[in-house]
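# Observations on the model geometry
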Amino acid sequence: MSGIFVTGTDTGVGKTYATIYLAEKFRRDGIDVGVMKPISTGPDKDNDAWLLKKKLKLDDPIELINPVRLKYPLAPYPAAKLEKKKIDLKKIFSAYKELEKRHQTIIVEGIGGVAVPITEKYCVADLIHDLGLPAVVVARAGLGTINHTLLTIGALIDCHVEVMGVIMNGFTGKDRSEKTNAEVIEKLSGVPVLEKLKWAR
Ligand SMILES: Nc1ncnc2c1ncn2[C@@H]1O[C@H](COP(=O)(O)OP(=O)(O)OP(=O)(O)O)[C@@H](O)[C@H]1O
Ligand SMILES: [Mg+2]
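All values derive from a computational prediction rather than experimental measurement.

## Looking at the site of ligand 1
Around ligand 1 sit 15 residues, and of these T11, K15, T16, N169 and A200 come closest. Interatomic distance of 2.8 Å between a backbone N/O atom of T16 and an oxygen atom of ligand 1. At 2.9 Å, a side-chain N or O of D48 approaches an oxygen atom of ligand 1. Summarising the interface, the protein chains cover 75% of the accessible area of ligand 1, which totals 620 Å² for the free molecule.

## Here we look at the coordination of the magnesium ion (ligand 2)
Any two of four tetrahedral donors ideally make an angle of 109.5 degrees at the metal, while pairs among six octahedral donors ideally make 90 or 180 degrees. Donor atoms from the polypeptide that bind the magnesium ion (ligand 2) are T16 (OG1), D48 (OD) and E109 (OE), placed at 2.1 to 2.2 Å. Written as a sequence motif, the donor arrangement for the magnesium ion (ligand 2) is T-x31-D-x60-E. A residue pair is termed long-range when its members are at least 10 positions apart, and T16 in helix α1 (residues 15-28) and D48 in helix α2 (residues 48-55) qualify at 32 residues. The class for T16 is buried, based on a relative accessible area of 12%. With relative accessibility at 24%, the residue D48 sits in the partly exposed group.

Calculation notes
- Residues numbered from 1 in each chain as written.
- Chains lettered and ligands numbered in written order.
- Predicted model: local features only at pLDDT ≥ 70, side-chain atom pairs only at ≥ 80, totals over all residues.
- Heavy atoms only, no water.
- Near = heavy atom within 4 Å.
- Polar contact = N/O pair within 3.5 Å; in protein donor to acceptor, adjacent residues only side chain to side chain.
- Areas by Shrake-Rupley, 256 points an atom, 1.4 Å probe, with all protein chains shown as cover.
- Donors = N, O, S within 2.8 Å, 3.2 Å for Na, K, Ca; no water.
- Helix = DSSP H or I, 4+ residues; strand = E, 2+ residues; numbered from the N terminus.
- Buried < 20%, exposed > 50% of the residue type's maximum accessible area, 1.4 Å probe, protein only.

Okay, structure coming up:
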């Protein structure tokens with residue numbers, strides 16, 4: 001497998017957290033893993049790309065890990081528009097190809113959720129499709145997650161993306177729905193829940 005794309009049901013749902021978790025897991029299994037955050041928006045300092053690079057002690061240049069950087073903390077399409085910039089998708093595909101040469105597998109962290117626009121006519125689900133990667137969906141553990149997760153899986157299937165599984169993140173033990181959400185999601189979507197990650201703080 002050349003890579004996986006870590007997407008999520010929303011922004012802030014734990015994609016970076018899950019990307020680090022998966023990368024460390026692959027490494028324990030002896031797999032050399034690289035990561036990518038194709039587009040970052042907002043302040044450059046300590047963004048996801050830098051966080052991934054530092055946390056996983058990766059030698060790859062930041063321009064490969066994060067080929068497209070936008071100044072404003074918005075979805076890529078409005079962020080690029082505000083900056084009067086055109087997002088060069090080719091930069092993303094060529095950086096991915098270069099990372100593929102350097103590592104056995106690449107984990108790509110998405111931007112927000114699957115319907116987030118990169119251009120007017122191109123969203124994150126299209127990018128996953130065009131990179132030819134299977135998707136892992138990071139979802140919240142608690143109430144509301146069934147709706148968001150099923151909608152996300154549906155949108156990925158509509159874009160002909162293979163959905164490998166769901167990582168449910170942030171179990172607190174305090175929300176009653178945490179006990180039943182995973183089973184319901186698996187049953188209604190046919191997609192397995194691969195991991196259940198506890199809220200670690
Ligand atoms: N299981 C967890 N335990 C403790 N903290 C967590 C956990 N999951 C996520 N967090 C924290 O919650 C915050 C949001 O998570 P994270 O940055 O991984 O979300 P994201 O989906 O990558 O967000 P974005 O859309 O901005 O990329 C971070 O501060 C992260 O460290
Ligand atoms: Mg992130």
